[in-house]
Each structure stands twice: as C-alpha cells, then as structure tokens.
Amino acid sequence: MYDFQELEAFVAVVRTGSLTASTRDLGLPKSTLSRKIRQLEERVGQPLLLRQSRKILPNDAGRVFYRYCNDILELVAQGREALDELKAEVTGKLELRCHESFVRGWFSRVVESFMSDHEDIRVTIHTQRSLPETVEDGICIWLGQTGETGLRREVLGVLEQGIYGSPEYFRKHGTPASPGELAHHSWADLLGEGDADISLRHSRQGRYPLSLPDRRFTVDQLTVQGDAIAAGRGLGLMPIWLAERRLRAHPDSFQRCLPEWYGPALPVTLLYPHGILPRRVRAFIAHLRTCIPEGWAGNARTSASTVPEIGTYPSRT
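Given the structure is predicted, the values throughout are model-derived calculations rather than measurements. (Residues numbered from 1 in each chain as written. Predicted model: local features only at pLDDT ≥ 70, side-chain atom pairs only at ≥ 80, totals over all residues. Heavy atoms only, no water.)

Caption draft 1: The arrangement of the overall build of the chain in detail. Looking only at helices and strands, the chain has 9 helices and 13 strands in total. Within the chain, buried positions represent 44% of all 317 residues. Residue pairs in contact within the chain that sit at least 24 positions apart in sequence constitute 75% of those at least 6 positions apart. In the structure as shown, the chain presents an accessible area of about 17,300 Å², 48% of it carried by carbon and sulfur atoms. (Helix = DSSP H or I, 4+ residues; strand = E, 2+ residues; numbered from the N terminus. Buried < 20%, exposed > 50% of the residue type's maximum accessible area, 1.4 Å probe, protein only. Contact = heavy atoms within 4.5 Å. Areas by Shrake-Rupley, 256 points an atom, 1.4 Å probe, with all protein chains shown as cover.)

Here's what the structure looks like:
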C-alpha cells in the first residue's frame, strides 16, 4: 500500500524538476521531501528519479510510475470531493473571477454575506479585465459580450447605457440636443469600443449610428473612464446602473445628456465550468442568484435550473 504523501512528493518533484520548488509547493522541509522520495523508491524496489546537477528528471521507471501516481491522486481527490458532498457544511477553496466594474461594491458584499454564512470557506477573488479562458473551482461574472467560450453561460441581467459628461464640460462646450451633435464633442471611451459600430436607440425614433471622430481619451477600465468623464475630458457611454451608484457616492461628478437615447445594452453573464460542480460552487451560485440587483433590466436571466441545487448530481456534459 502506497503512502499518499510519498506519491504527492514524487509527483511534485517530477512536475517542478526541483526539490527546492517542490518544498515551496508542498510546504515541507527539503529533508522531509528527500526522505519521502527515498522511502517511495524503497517501496517500489527501484530508483525513479535521475538526479542531475541542476534538475531532477524521472527515469524510465519514473515516467511510467508518474502516470499511475497522477491517476491515483486524482481518484483520491474525487473521493474526498464526493465525501464532502455528504456533509452539511460548505467548505473548501472558492475561486471567484469578476469584471473590474463589479468588484468594488456589489460583488464584494455578495462575497461577504456568503462567507458570513459559511465560516469554513476560503475565497480568492481575481479582478478581470479580459474574459478568462478557463475557470476552476469557482465562477466568473462578466460585463459585456462573451463571444465563443468553453464555459457554461447564464445571463443574470442587462445593463442599459447612457451618455454622460461632467457639469463643467457642459458649461464649456454646451449640452448636445440631438445625437447628430455628438460628433462635435470630445469622447472618453473604452479601449476597442471606439472602433466598433455603435448605434444609439430611441423608443420612438429608432436607431442612430454613432460617429465619434475625436476620441480624446481611451482607457481599458470603466472606473478610469468614469474618472475621465468626471474630470471633463469628454462624453462617454456608461452603464446607467453603475453611473447612478457612483453618483450616490459622488453627487454632481457627472450628469446624463440625451436621456431618451440609449447605447448598446451590456449583458451581465455568469460563467462556470461544465460537468459536476463542487458543493461550494453550487452554493455560491445559488446565493448569487438571490443578490441580483433590481436595476439589471428586470434580471433577464436564463432558466434558474441551469445549475442544479445542492445535493443533486447532473450528468457530465
């Protein structure tokens, strides 16, 4: 019978090619790690590693045994996960990824309330400025179009956009009375948005293609764009829900013009992996659904049955 700690030590050394790097990954002293490798080699009855001057490599026996070690450790991890599903508690590590515009404020309160309900959960939050290719042990909240992705998607809501400028800017340059006058104003936009075909829409007058020849200031974050608009660098399209929250904290920093005209709507999307989700991930998704703001255009979601309730096991897709 193999010792799992010896297997973990062997796998770590093969992956890193270094005892020093493996000690950091496993949190073990180098002497302990060396002893576990030596004990494993004694247990299997032959050497598994080639110890060179700068790197440790598996020999022929080590390469064969490494594949089986991975399978054994993966089965052990799956077994622990299955046993965790039988517990009433929600535990483990939760990886959360969130679009930069939501991290401060709404999403941080969602996470705080979830952690208050589950004291044994460990949470890591990654601020996203681009859509992640993969999500492991958690979810991602994204603002805007997602395009093709290998993740499952659930639209939580839609944010309408309006045109904003600072009071000082309007005093200096005038307030546009029609979409056609926007071409004469400076613009503070998001990176890439200025090159896209953007249309404004009106409930009665239909659509108006937006032409913005003077992009004075271009950024890659909504927060910085809002700062630029408030500083009077130009007009800009901003999600109305986010703008109103900012105005509550900083009144008169900017104001909306052409209030009957709207820019492209931005979906708020929940992304998560296919297959069976750990209990902690399903619990967080269930909690997240209860925290969707009313201002997200009627919470335009897909079916809530997309992710199963805790305790159910969907087929792997």
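Caption draft 2: Main features of the environment of glutamate 100. Along the chain, glutamate 100 turns up in helix 5 (residues 100–117). When the C-alpha atoms of glutamate 100 and threonine 127 are compared, they prove to be 5.4 Å apart, with 27 residues separating the residues in sequence. Ignoring anything within four residues of it in the chain, the contact list for glutamate 100 reads Thr127, Gln128, Arg129, Gln221, Leu222 and Thr223. Here threonine 223 takes part through its side chain, which lies 3.5 Å from a polar atom of the side chain of glutamate 100. (Polar contact = N/O pair within 3.5 Å; in protein donor to acceptor, adjacent residues only side chain to side chain.)

Caption draft 3: Region of interest: helix 3 (residues 30–44). With 15 residues, helix 3 ought to run about 21 Å at 1.5 Å a step, and its terminal C-alpha atoms sit 21 Å apart, in line with that. Of all the residues in helix 3, the buried ones are Thr32, Leu33, Lys36, Ile37, Leu40 and Glu41. The positive-phi residue at the C-terminal boundary of helix 3 is glycine 45, with phi of around 85 degrees. (Expected span 1.5 Å × (residues − 1).)

Caption draft 4: Just the pattern of salt bridges, in detail. Scanning the entire structure with this criterion turns up 11 salt bridges. Glutamate 168 is paired through a salt bridge with lysine 172; the nearest N and O atoms lie 4.0 Å apart. In this pair, glutamate 168 and lysine 172 are both assigned in helix 6 (residues 167–173), 4 residues apart and thus about one turn of the helix distant. One salt bridge in this structure joins aspartate 227 and arginine 246, with 2.4 Å as the shortest N-O distance. Residue aspartate 227 is found in helix 7 (residues 222–230), and its partner arginine 246 is found in helix 8 (residues 240–249); the two are separated by 19 residues along the sequence. (Salt bridge = Lys/Arg side-chain N within 4 Å of Asp/Glu carboxyl O.)

Caption draft 5: Quick peek at the side chain of histidine 287. Along the chain, the position of histidine 287 falls in helix 9 (residues 279–289). Here serine 113 takes part through its side chain, which lies 2.7 Å from a polar atom of the side chain of histidine 287. In contact with histidine 287, not counting residues within four places along its chain, are Val110, Ser113, Phe114 and Asp117.

Caption draft 6: Just helix 9, in detail. With 10 of its 11 residues buried, helix 9 lies for the most part within the structure. Within helix 9, the full set of buried residues consists of Arg279, Arg280, Val281, Arg282, Ala283, Phe284, Ile285, His287, Leu288 and Arg289.

Caption draft 7: Fine view of the nonpolar core. Formed by 32 residues in total, the largest nonpolar core has its most connected members in Phe102, Trp106, Phe107, Ile139, Ile141, Phe284 and Trp296. Those elements that place two or more of their residues in this core are strand 3 (92–99), helix 5, strand 5 (138–143), strand 6 (152–165), helix 8, strand 13 (261–272) and helix 9. Top element by residues in this core is helix 5. It accounts for 7 residues. In contact with tryptophan 106, other than residues within four places in its own chain, are Ile141, Trp241, Arg245, Leu288, Cys291, Pro293 and Trp296. (Core = buried A, V, L, I, M, F, W, Y, C linked by side-chain atoms within 4.5 Å.)

Caption draft 8: Quick look at the packing of helix 1 (residues 4–16) against helix 2 (residues 19–26). Contact pair helix 1 / helix 2: the axes reach a minimum separation of 8 Å and the direction vectors enclose 125 degrees. In terms of orientation, helix 1 and helix 2 fall into the oblique class. The handedness of the crossing between helix 1 and helix 2 is right-handed. Contacts from Glu8, Ala9, Ala12, Val13 and Thr16 in helix 1 reach Leu19, Ala21, Ser22, Asp25 and Leu26 in helix 2. Class assignment of the residues belonging to the contact of helix 1 with helix 2 gives a composition of 6 nonpolar, 2 polar and 2 charged. (Axes fitted to C-alpha atoms, helices over the stretch in contact; angles between N-to-C directions. Parallel < 35°, antiparallel > 145°, perpendicular 65-115°, else oblique. Left-handed = near helix turned anticlockwise from the far one by under 90°. Nonpolar A, V, L, I, M, F, W, Y, C, P; charged D, E, K, R; others polar.)

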